[in-house]
Amino acid sequence: MKKAMLFLVALMFSVGVNAATLNLSKADAGFASQEVDVASGSTVLGGGAVSEGPGTWFSQFNLYSEEDTYVKIEWSFNPKSNFTSAQLGFTSESDYPSYTTLIDITGDYSFTVFLAAGVNYAVDILNATRDVFKYDVSVSAVPVPAALFLFAPALLGFLGLRRKSAVAA
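An account of the accompanying structure is given in this report. Residue numbers here run from 1 along each chain, matching the order of that chain's written sequence. Per-residue local features are limited, in this predicted model, to residues with pLDDT of at least 70; the limit for side-chain atom pairs, both in listing and counting, is 80 or more; totals at the level of whole chains, interfaces and linings are taken over all residues. By convention in this description, side-chain values take in all heavy atoms of the structure and omit both hydrogens and water.

Topic: the overall build of the protein
The number of helices and strands found in the protein is 2 helices and 11 strands. Each helix and strand of the protein, placed in order from N terminus to C terminus, yields the pattern α-β-β-β-β-β-β-β-β-β-β-β-α. Counting all 169 residues of the protein, 34% fall into the buried class. Restricting to contacts in the protein with at least 6 residues of sequence separation, those with at least 24 account for 76%. Working note: accessible area of the protein is about 9,900 Å², and carbon and sulfur atoms make up 60% of it. Think of it this way: any DSSP run of H or I at least four residues long counts as a helix, any run of E at least two long counts as a strand, and we number them from the N terminus. To sort residues, take the accessible area from a 1.4 Å probe on protein chains only and compare it with the maximum for the residue type: under 20% means buried, over 50% means exposed, and anything in between is partly exposed. Contacts: residue pairs with any heavy atoms within 4.5 Å of one another. Each accessible area is a Shrake-Rupley estimate made with a 1.4 Å probe; only the visible protein chains count as cover when residues are assessed.

Here it is, written out as structure tokens:
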């Protein structure tokens, strides 16, 4: 009976684990359009389009969470061949304009970062060459693994079994 109760308690903890709620909003753009497709939730989506013309463009989004959480930021570009030169930046509002994460594009358009609760962050494309294409950004909260909550009850169960067998001997 104790094992069944322990299992039910562990199951309730694992089901109750949710990812943090994120909020994404448009900040600023130069020579690019911007839109936010999904503004809040555990996954938020934004993007835009770049028009023709010489020079460079940029796109900046604001990101906010009321809980401490890790997030995965992924950029995609269509057609990918038109995205030739740029930097992907991430920073907190207090550190702006210097970036805590600044990646020159080399093929990987995703990275994982930590968001502190109640702090505004900037998720930006900077110094990009201007060619015609569409760009998208997806920010998704990394959930706490259920194994973390299952480990503690299992460990307590093993300690209980050890104590029970030691008394029987």
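A closer look at the sheet that holds strand S4 (residues 43–50)
Note on pairing: DSSP must find at least two bridges between two strands before they are called paired. With respect to topology, 5 strands assemble into an open sheet ordered S2-S4-S11-S6-S9, the strand pairing being antiparallel. The open sheet has two edge strands with one neighbour each: strand S2 (32–38) and strand S9 (110–115). Averaged over all neighbouring strand pairs, the angle between strand axes comes to 20 degrees, with direction disregarded. Sheet topology note: the strand S6 (residues 69–78)/S9 ladder contains 6 bridges and is antiparallel. By the bridge assignment for S9, Glu74 is matched with Ser110. Axis definition: a line fit to C-alpha positions, over the contact stretch in the case of helices; interaxial angles, taken between N-to-C directions, run 0 to 180 degrees.

Some points on a nonpolar patch on the surface
A patch is a set of surface residues, each over 30% in relative accessible area and not in a salt bridge, joined within 9 Å for like charges and within 5 Å for the nonpolar side chains Val, Leu, Ile, Met, Phe, Trp and Tyr. What makes a salt bridge here is a side-chain nitrogen of Lys or Arg within 4 Å of a carboxyl oxygen of Asp or Glu, nothing more. Together, Tyr70, Phe114 and Val142 line one region of the surface with nonpolar side chains, adding up to about 290 Å² of accessible area. Within the secondary structure, Phe114 is located in strand S9.

Quick notes on the packing of aromatic side chains
Each Phe, Tyr or Trp ring (for Trp, its six-membered ring) is paired with any other whose centre lies within 6.5 Å, and the angle between the two planes then decides the class: stacked below 30 degrees, edge-to-face above 60, tilted in between. Throughout the structure, instances matching the rule amount to 8 aromatic pairs. Here the aromatic rings of Tyr96 and Tyr99 are separated by 5.9 Å at their centres, their planes lie at 75 degrees, and the arrangement is edge-to-face. On the basis of relative accessible area, Tyr96 is assigned to the partly exposed category, the value being 38%. The rings of Trp57, Trp75, Phe77, Tyr109, Phe133 and Tyr135 are connected pair by pair, giving a single aromatic cluster. Comment: the charge-over-ring label is applied if NZ (Lys) or CZ (Arg) is within 6 Å of the ring centre and within 35 degrees of the ring normal. Arg130 extends its terminal NZ or CZ atom over the ring of Phe31, reaching a point 3.8 Å from the ring centre.

A short note on the sheet that holds strand S8 (residues 101–104)
The 6 strands lie next to each other as S3-S1-S5-S10-S7-S8, forming an open sheet whose pairing is antiparallel. Two strands bound the open sheet, and with one partner strand each, they are strand S3 (40–41) and S8. Note that strand S1 (residues 22–30) and strand S5 (residues 56–65) share 8 bridges and pair antiparallel. Residue pairing across strands places Asp28 opposite Gln60, the latter belonging to S5.

Quick word on the environment of Lys72
With respect to the helices and strands, the residue Lys72 is situated in strand S6. By relative accessible area, Lys72 is classed as partly exposed at 33%. Taking the C-alpha atoms as reference points, Lys72 and Phe111, separated by 39 residues in sequence, lie 5.8 Å from one another. Lys72 has contacts with Ser110, Phe111, Thr112, Ser138, Val139, Ser140 and Val142, leaving out every residue within four places of it along the chain.

Honestly, that's just the spatial picture; any functional story needs more than this.
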